[in-house]
Amino acid sequence: MGQTIVLTGMVLSAMPVGDYDKRIQLLTRERGKIAAFVRGARRPNSAFLASSNPFSFGEFEVYEGRSAYNVVKASITHYFRELAQDLDAVSYGFYFLEMAAYYTQENMDGTDFLNLLYLTLKALLKPSVDNRLVRRIYELRVLVLSGEYPEVFSCTKCGRKEALCYFSVRRHGALCPACLKGEYAVPLDKSTLYALQYILTAPLQKLYTFTLSAPVFGRLDEIAAGYIRQYQNHVFQSEQMLDGFGTLQKTVKKGEK
(Lines give C-alpha, C1' and ligand atoms only; values in the text may rest on other atoms or scores of the structure.)
Protein backbone atom coordinates (compact mmCIF):
# COMPACT_ATOMS: atom_id res chain seq x y z
CA MET A 1 0.00 0.00 0.00
CA GLY A 2 1.30 3.44 -0.95
CA GLN A 3 1.26 6.61 1.09
CA THR A 4 -2.20 7.63 2.28
CA ILE A 5 -3.81 11.05 2.05
CA VAL A 6 -6.79 12.50 3.91
CA LEU A 7 -9.57 14.01 1.80
CA THR A 8 -12.63 15.93 2.96
CA GLY A 9 -15.66 14.97 0.94
CA MET A 10 -19.09 13.48 0.47
CA VAL A 11 -20.21 10.18 -1.02
CA LEU A 12 -22.18 10.91 -4.19
CA SER A 13 -23.00 7.34 -5.18
CA ALA A 14 -22.18 3.75 -4.27
CA MET A 15 -22.44 0.43 -6.09
CA PRO A 16 -21.67 -3.16 -5.03
CA VAL A 17 -18.53 -4.83 -6.31
CA GLY A 18 -17.91 -8.54 -5.83
CA ASP A 19 -19.30 -10.21 -2.73
CA TYR A 20 -18.52 -7.64 -0.06
CA ASP A 21 -16.92 -4.52 -1.58
CA LYS A 22 -18.24 -1.18 -2.82
CA ARG A 23 -17.14 1.30 -5.43
CA ILE A 24 -18.05 4.82 -4.38
CA GLN A 25 -17.91 8.20 -6.02
CA LEU A 26 -16.56 10.94 -3.76
CA LEU A 27 -16.71 14.69 -4.21
CA THR A 28 -13.66 16.03 -2.38
CA ARG A 29 -12.26 19.47 -1.72
CA GLU A 30 -8.71 18.49 -2.57
CA ARG A 31 -9.10 16.20 -5.62
CA GLY A 32 -12.55 16.98 -7.00
CA LYS A 33 -14.65 13.95 -7.98
CA ILE A 34 -12.88 10.63 -7.55
CA ALA A 35 -13.73 6.92 -7.66
CA ALA A 36 -12.72 4.80 -4.68
CA PHE A 37 -13.02 1.18 -3.60
CA VAL A 38 -14.12 0.33 -0.07
CA ARG A 39 -13.06 -3.21 0.74
CA GLY A 40 -15.50 -5.24 2.85
CA ALA A 41 -17.97 -2.36 3.09
CA ARG A 42 -20.95 -4.69 2.68
CA ARG A 43 -20.02 -7.04 5.49
CA PRO A 44 -22.47 -6.76 8.43
CA ASN A 45 -19.70 -5.89 10.89
CA SER A 46 -17.77 -3.55 8.58
CA ALA A 47 -16.57 -0.21 9.91
CA PHE A 48 -17.50 1.21 6.47
CA LEU A 49 -21.09 -0.06 6.47
CA ALA A 50 -22.59 3.42 6.95
CA SER A 51 -19.71 5.63 5.85
CA SER A 52 -19.80 4.26 2.29
CA ASN A 53 -23.43 5.28 1.70
CA PRO A 54 -24.54 8.33 -0.32
CA PHE A 55 -24.72 11.63 1.63
CA SER A 56 -21.97 10.59 4.08
CA PHE A 57 -19.78 13.65 4.70
CA GLY A 58 -16.44 13.75 6.49
CA GLU A 59 -12.80 12.80 6.13
CA PHE A 60 -11.67 9.83 4.06
CA GLU A 61 -8.17 8.42 4.33
CA VAL A 62 -7.25 6.89 0.98
CA TYR A 63 -4.33 5.63 -1.07
CA GLU A 64 -4.14 5.88 -4.82
CA GLY A 65 -4.25 2.69 -6.86
CA ARG A 66 -3.77 2.17 -10.60
CA SER A 67 -7.30 3.12 -11.66
CA ALA A 68 -8.99 4.27 -8.46
CA TYR A 69 -8.44 5.26 -4.88
CA ASN A 70 -8.89 2.85 -1.98
CA VAL A 71 -10.47 3.94 1.30
CA VAL A 72 -8.69 2.71 4.42
CA LYS A 73 -10.41 4.87 7.03
CA ALA A 74 -13.41 7.18 7.26
CA SER A 75 -14.40 9.72 9.90
CA ILE A 76 -17.96 10.88 9.17
CA THR A 77 -19.29 14.08 10.69
CA HIS A 78 -22.72 14.02 9.04
CA TYR A 79 -24.68 11.13 7.55
CA PHE A 80 -27.82 13.15 6.70
CA ARG A 81 -29.92 10.27 8.03
CA GLU A 82 -32.85 12.66 8.50
CA LEU A 83 -33.32 12.75 4.73
CA ALA A 84 -34.23 9.05 4.69
CA GLN A 85 -37.27 9.82 6.85
CA ASP A 86 -38.75 12.16 4.21
CA LEU A 87 -39.37 10.73 0.73
CA ASP A 88 -39.71 14.18 -0.78
CA ALA A 89 -36.46 15.47 0.74
CA VAL A 90 -34.41 12.38 -0.08
CA SER A 91 -35.64 12.50 -3.69
CA TYR A 92 -34.32 16.05 -3.98
CA GLY A 93 -31.14 14.97 -2.23
CA PHE A 94 -30.32 12.25 -4.75
CA TYR A 95 -30.95 14.69 -7.58
CA PHE A 96 -28.50 17.15 -6.03
CA LEU A 97 -25.88 14.41 -5.68
CA GLU A 98 -26.30 13.33 -9.29
CA MET A 99 -26.08 16.89 -10.53
CA ALA A 100 -22.88 17.46 -8.53
CA ALA A 101 -21.38 14.30 -10.04
CA TYR A 102 -22.17 15.53 -13.55
CA TYR A 103 -20.64 18.98 -13.13
CA THR A 104 -17.44 18.01 -11.30
CA GLN A 105 -14.35 16.13 -12.38
CA GLU A 106 -11.12 14.73 -10.98
CA ASN A 107 -8.18 16.98 -10.14
CA MET A 108 -10.27 20.12 -9.79
CA ASP A 109 -10.75 22.26 -6.70
CA GLY A 110 -14.00 20.85 -5.37
CA THR A 111 -14.35 23.27 -2.46
CA ASP A 112 -17.13 25.45 -3.88
CA PHE A 113 -19.19 22.54 -5.20
CA LEU A 114 -18.80 20.61 -1.95
CA ASN A 115 -19.75 23.59 0.22
CA LEU A 116 -22.79 24.29 -1.96
CA LEU A 117 -23.90 20.67 -1.85
CA TYR A 118 -23.47 20.41 1.92
CA LEU A 119 -25.44 23.60 2.65
CA THR A 120 -28.15 22.60 0.18
CA LEU A 121 -28.69 19.25 1.87
CA LYS A 122 -28.87 21.07 5.22
CA ALA A 123 -31.52 23.36 3.69
CA LEU A 124 -33.66 20.31 2.84
CA LEU A 125 -33.94 19.71 6.57
CA LYS A 126 -35.40 23.18 7.19
CA PRO A 127 -39.22 23.09 7.34
CA SER A 128 -39.31 26.84 6.71
CA VAL A 129 -37.78 26.61 3.23
CA ASP A 130 -39.79 25.06 0.37
CA ASN A 131 -37.85 22.19 -1.24
CA ARG A 132 -38.90 23.45 -4.67
CA LEU A 133 -37.13 26.74 -3.94
CA VAL A 134 -34.09 24.85 -2.63
CA ARG A 135 -33.95 23.03 -5.95
CA ARG A 136 -34.01 26.17 -8.08
CA ILE A 137 -31.42 27.90 -5.90
CA TYR A 138 -29.10 24.90 -6.11
CA GLU A 139 -29.51 24.53 -9.87
CA LEU A 140 -28.80 28.20 -10.51
CA ARG A 141 -25.74 28.22 -8.25
CA VAL A 142 -24.39 25.13 -9.97
CA LEU A 143 -24.70 27.06 -13.23
CA VAL A 144 -22.79 29.93 -11.61
CA LEU A 145 -19.95 27.56 -10.68
CA SER A 146 -19.90 26.12 -14.20
CA GLY A 147 -20.03 29.57 -15.85
CA GLU A 148 -23.40 29.08 -17.57
CA TYR A 149 -25.62 31.35 -15.50
CA PRO A 150 -28.04 33.93 -16.95
CA GLU A 151 -27.35 37.69 -17.07
CA VAL A 152 -29.85 39.46 -14.80
CA PHE A 153 -28.00 42.68 -13.95
CA SER A 154 -28.10 44.32 -17.38
CA CYS A 155 -29.93 43.98 -20.69
CA THR A 156 -28.27 41.23 -22.73
CA LYS A 157 -28.67 43.25 -25.95
CA CYS A 158 -27.88 46.88 -25.08
CA GLY A 159 -26.30 46.62 -21.62
CA ARG A 160 -28.84 48.91 -19.96
CA LYS A 161 -29.11 48.30 -16.21
CA GLU A 162 -32.55 49.82 -15.65
CA ALA A 163 -36.06 48.65 -16.59
CA LEU A 164 -35.17 44.96 -16.92
CA CYS A 165 -38.76 43.90 -17.50
CA TYR A 166 -38.35 40.70 -19.54
CA PHE A 167 -36.37 37.47 -19.55
CA SER A 168 -35.24 35.73 -22.73
CA VAL A 169 -33.88 32.19 -22.60
CA ARG A 170 -32.46 32.60 -26.12
CA ARG A 171 -30.65 35.79 -25.10
CA HIS A 172 -29.34 34.21 -21.87
CA GLY A 173 -30.99 36.72 -19.59
CA ALA A 174 -32.83 39.98 -19.06
CA LEU A 175 -34.08 42.42 -21.67
CA CYS A 176 -35.25 46.01 -21.45
CA PRO A 177 -38.45 47.15 -23.25
CA ALA A 178 -36.47 48.84 -26.03
CA CYS A 179 -34.79 45.53 -26.94
CA LEU A 180 -37.90 43.35 -26.75
CA LYS A 181 -38.90 43.70 -30.41
CA GLY A 182 -38.53 40.43 -32.28
CA GLU A 183 -37.66 38.47 -29.13
CA TYR A 184 -39.66 35.82 -27.29
CA ALA A 185 -39.48 36.68 -23.61
CA VAL A 186 -41.53 36.32 -20.44
CA PRO A 187 -42.42 39.27 -18.18
CA LEU A 188 -39.97 39.82 -15.33
CA ASP A 189 -41.31 41.74 -12.33
CA LYS A 190 -39.02 43.52 -9.87
CA SER A 191 -39.45 40.96 -7.09
CA THR A 192 -38.52 38.03 -9.33
CA LEU A 193 -35.60 39.97 -10.80
CA TYR A 194 -34.29 40.74 -7.33
CA ALA A 195 -34.71 37.08 -6.28
CA LEU A 196 -32.68 35.94 -9.29
CA GLN A 197 -29.97 38.51 -8.61
CA TYR A 198 -29.79 37.47 -4.97
CA ILE A 199 -29.61 33.73 -5.76
CA LEU A 200 -26.78 34.23 -8.24
CA THR A 201 -24.61 36.43 -6.02
CA ALA A 202 -25.45 35.92 -2.33
CA PRO A 203 -22.83 34.40 0.02
CA LEU A 204 -23.36 30.66 0.44
CA GLN A 205 -24.28 30.99 4.12
CA LYS A 206 -27.18 33.30 3.22
CA LEU A 207 -28.53 31.38 0.23
CA TYR A 208 -31.28 29.50 2.03
CA THR A 209 -32.45 32.20 4.42
CA PHE A 210 -35.45 33.58 2.53
CA THR A 211 -38.84 32.59 1.17
CA LEU A 212 -40.86 33.82 -1.79
CA SER A 213 -44.55 34.46 -2.29
CA ALA A 214 -46.38 31.99 -4.52
CA PRO A 215 -46.59 34.38 -7.52
CA VAL A 216 -42.89 35.31 -7.33
CA PHE A 217 -41.78 31.71 -6.95
CA GLY A 218 -44.04 30.67 -9.82
CA ARG A 219 -42.36 33.15 -12.16
CA LEU A 220 -38.87 32.29 -10.92
CA ASP A 221 -39.65 28.58 -11.29
CA GLU A 222 -40.80 29.12 -14.89
CA ILE A 223 -37.70 31.11 -15.79
CA ALA A 224 -35.22 28.77 -14.10
CA ALA A 225 -36.80 25.62 -15.54
CA GLY A 226 -36.82 27.04 -19.06
CA TYR A 227 -33.23 28.23 -18.84
CA ILE A 228 -31.97 24.91 -17.46
CA ARG A 229 -33.81 22.88 -20.11
CA GLN A 230 -32.19 24.98 -22.82
CA TYR A 231 -28.58 24.91 -21.61
CA GLN A 232 -28.20 21.69 -19.61
CA ASN A 233 -27.63 18.98 -22.19
CA HIS A 234 -28.15 16.06 -19.87
CA VAL A 235 -31.08 14.09 -18.50
CA PHE A 236 -30.73 13.11 -14.86
CA GLN A 237 -32.40 9.85 -13.86
CA SER A 238 -33.06 11.16 -10.34
CA GLU A 239 -34.65 14.32 -11.76
CA GLN A 240 -37.13 12.24 -13.76
CA MET A 241 -38.01 10.31 -10.60
CA LEU A 242 -38.30 13.57 -8.65
CA ASP A 243 -40.63 15.14 -11.20
CA GLY A 244 -42.69 11.94 -11.32
CA PHE A 245 -43.00 11.97 -7.53
CA GLY A 246 -44.12 15.60 -7.63
CA THR A 247 -46.81 14.78 -10.16
CA LEU A 248 -48.02 11.90 -7.99
CA GLN A 249 -48.24 14.18 -4.94
CA LYS A 250 -50.36 16.68 -6.86
CA THR A 251 -52.68 13.91 -8.06
CA VAL A 252 -53.12 12.56 -4.52
CA LYS A 253 -53.85 16.04 -3.10
CA LYS A 254 -56.35 16.72 -5.87
CA GLY A 255 -58.11 13.43 -5.13
CA GLU A 256 -58.38 14.29 -1.44
CA LYS A 257 -60.38 17.45 -2.12
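Residues numbered from 1 in each chain as written. Predicted model: local features only at pLDDT ≥ 70, side-chain atom pairs only at ≥ 80, totals over all residues. Heavy atoms only, no water.

(A) The environment of alanine 36, seen in detail. Looking at the secondary structure, you find alanine 36 in strand β3 (residues 32–38). Between the C-alpha atom of alanine 36 and that of aspartate 243, which follows or precedes it by 207 residues, the distance is 30 Å. Here alanine 36 is in contact with Lys22, Arg23, Ile24, Tyr69 and Val71, once residues within four sequence places are set aside. (Helix = DSSP H or I, 4+ residues; strand = E, 2+ residues; numbered from the N terminus. Contact = heavy atoms within 4.5 Å.)

(B) Representation of unusual backbone geometry. At phenylalanine 80, a position not held by glycine, the phi torsion is positive, near 55 degrees. Note on placement: phenylalanine 80 falls in the loop between β5 (69–78) and α1 (87–103). We note that histidine 172 has phi near 65 degrees; this positive angle belongs to a residue other than glycine. Looking at where histidine 172 falls in the secondary structure, it is placed in the loop between β6 (166–168) and β7 (173–175).

(C) A look at the packing of α1 against helix α2 (residues 111–124). Interaxial distance between α1 and α2 falls to 10 Å at its minimum, and their mutual angle equals 175 degrees. By the angle between their axes, α1 is roughly antiparallel relative to α2. Contact residues: Ala89, Tyr92, Gly93, Phe96, Leu97, Ala100 and Tyr103 in α1; Phe113, Leu117, Thr120, Leu121 and Leu124 in α2. Classifying every residue of the contact of α1 with α2 gives ten nonpolar, two polar and no charged. (Axes fitted to C-alpha atoms, helices over the stretch in contact; angles between N-to-C directions. Parallel < 35°, antiparallel > 145°, perpendicular 65-115°, else oblique. Nonpolar A, V, L, I, M, F, W, Y, C, P; charged D, E, K, R; others polar.)

(D) How the structure looks around the sheet that holds β3. The strand order around the closed barrel formed by five strands is β1-β2-β3-β5-β4, and the pairing between neighbours is mixed. With direction set aside, neighbouring strand axes in the sheet form an average angle of 50 degrees. Examined bridge by bridge, strand β2 (residues 21–28) and β3 share seven bridges and lie antiparallel to one another. By the bridge assignment for β3, leucine 26 is matched with isoleucine 34. (Pairing = 2+ DSSP bridges.)

(E) Representation of the nonpolar core. Judged by nonpolar contacts, the single largest core of 61 residues is most densely connected at Phe96, Leu117, Leu121 and Tyr138. Here the element with the most residues in this core is α1; it accounts for ten residues. With near-sequence residues (within four places) excluded, tyrosine 138 lies in contact with Phe96, Met99, Ala100, Leu116, Leu117, Thr120 and Tyr208. Counting residues in each nonpolar core, the second largest holds 14 residues, with Val11, Ala36, Phe60 and Ile76 among its members. (Core = buried A, V, L, I, M, F, W, Y, C linked by side-chain atoms within 4.5 Å. Buried < 20%, exposed > 50% of the residue type's maximum accessible area, 1.4 Å probe, protein only.)

(F) The arrangement of the sheet that holds β6 in detail. With antiparallel pairing, the three strands of this open sheet are ordered in space as β7-β6-β8. Both outer strands of the open sheet, β7 and β8 (186–187), are each paired with one neighbouring strand and no more. Inspection of the sheet shows β6 paired to β7 by three bridges, in the antiparallel sense. When the sheet's bridge partners are listed, tyrosine 166 is paired in β7 with leucine 175.

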